[in-house]
Amino acid sequence: MRTIFMALSFMVTGMALYAQSGVYRTLDDFENNRLTYATDDGSDENKIRFNEFIAKPYLIVKHNGEKIHVFKDEIYAYKNKGNVVRTWNFTQYNFLEKGPVWIYYKDMYTSQPKGTQRVRKYYFSTYGKGEIVPLTVYNLKKAFPDNDLFHIYLDAQFRNDRELAHYDNYANKFKVNNLLEKTSTGLSKR
């Protein structure tokens, strides 16, 4: 009996590690990849709906044919078909990178003369549960006020805020995180 229980617990743990969808209740769950309502099935039978346009205070998790309401302010993030989405102030932000700054994006639709166009906006937080703010030179300087070297290199490396979202293929991270790591060497962390 004990062997069967151990085998089942390893199966469930293994499924959570490779799951395509589920809910991270806390930051600790996210960092340890512990999903609630975990599934590796990508079908419509198991999916997550955020309810952003309807502005409901909960998201709907379809898990094994059952609809479950999970309140947005009670979770840290969710994973839907392999993409991690952090919820903050009842808004969803797609997670891109964890580094000295955590980088997210959100697709917005703007009106153009010939219809609407999708524009990707980038955001960051200084730690896992930190406030998510737009990724701008001004906000980065404000987030790291004591790192003068970082301020100088920000002005020298990036001509505008859009360039902050460039990825460094050689370093395998966003350029802003690479720059922050290099300028923080030897500086004390708060």
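The preceding data block contains the structure.
Numbering of residues starts from 1 in every chain and runs along the sequence as written. Note on the predicted model: pLDDT of at least 70 is required for a residue's local features to be given, and 80 or more for side-chain atom pairs to be given and counted; whole-chain, interface and lining totals, by contrast, use all residues. Think of the side-chain values as coming from all heavy atoms in the structure, minus any hydrogens and water.

As a further point, take the overall build of the chain. A count of helical and extended segments in the chain gives five helices and 13 strands. Only protein chains enter the calculation, and the probe is 1.4 Å; a residue is then buried if its accessible area is under 20% of its type maximum, exposed if over 50%, and partly exposed in between. By the burial criterion, 39% of the 190 residues in the chain qualify as buried. Only the protein chains shown count as cover for residues, and all accessible areas are computed by the Shrake-Rupley method using a 1.4 Å probe. Entry remark: accessible area of the chain is about 12200 Å², with carbon and sulfur atoms responsible for 52%. By the criteria applied, helices consist of DSSP H or I runs no shorter than four residues and strands consist of E runs no shorter than two, each listed in order from the N terminus.

The residue Lys121 is located in strand 10 (residues 115–125) in this model. Contact between two residues is taken to exist if any of their heavy atoms lie within 4.5 Å; hydrogens are not considered. Sequence-distant contacts of Lys121, defined by excluding residues within four places in its chain, comprise Tyr104, Tyr105, Lys106 and Met108.

Turning our eyes to something else, we now look at the sheet that holds strand 7 (residues 83–88). Reading across from one edge, 2-1-6-7-8-9-10-11 is the order of the eight strands in this open sheet, with antiparallel pairing throughout. The sheet is open, and its two borders are formed by strand 2 (36–39) and strand 11 (133–134), each paired with just one other strand. Note on pairing: two strands pair once DSSP finds at least 2 bridges between them. Two strands pair when backbone bridges link them, and strand 1 (residues 21–24) and strand 6 (residues 77–80) are joined in this way by three bridges, in the antiparallel orientation. Bridging from a neighbouring strand, Val23 pairs with Tyr78 of strand 6.

We define a salt bridge as a contact between a side-chain nitrogen of Lys or Arg and a carboxyl oxygen of Asp or Glu at a distance within 4 Å. In this structure the tally under the stated criterion is eight salt bridges. Ionic pairing is found between Arg34 and Asp29, a salt bridge with its closest N-O pair at 3.1 Å. The buried category is assigned to Asp29, whose relative accessible area is 13%. Here Lys141 makes a salt bridge to Asp155, at a shortest N to O gap of 2.9 Å.

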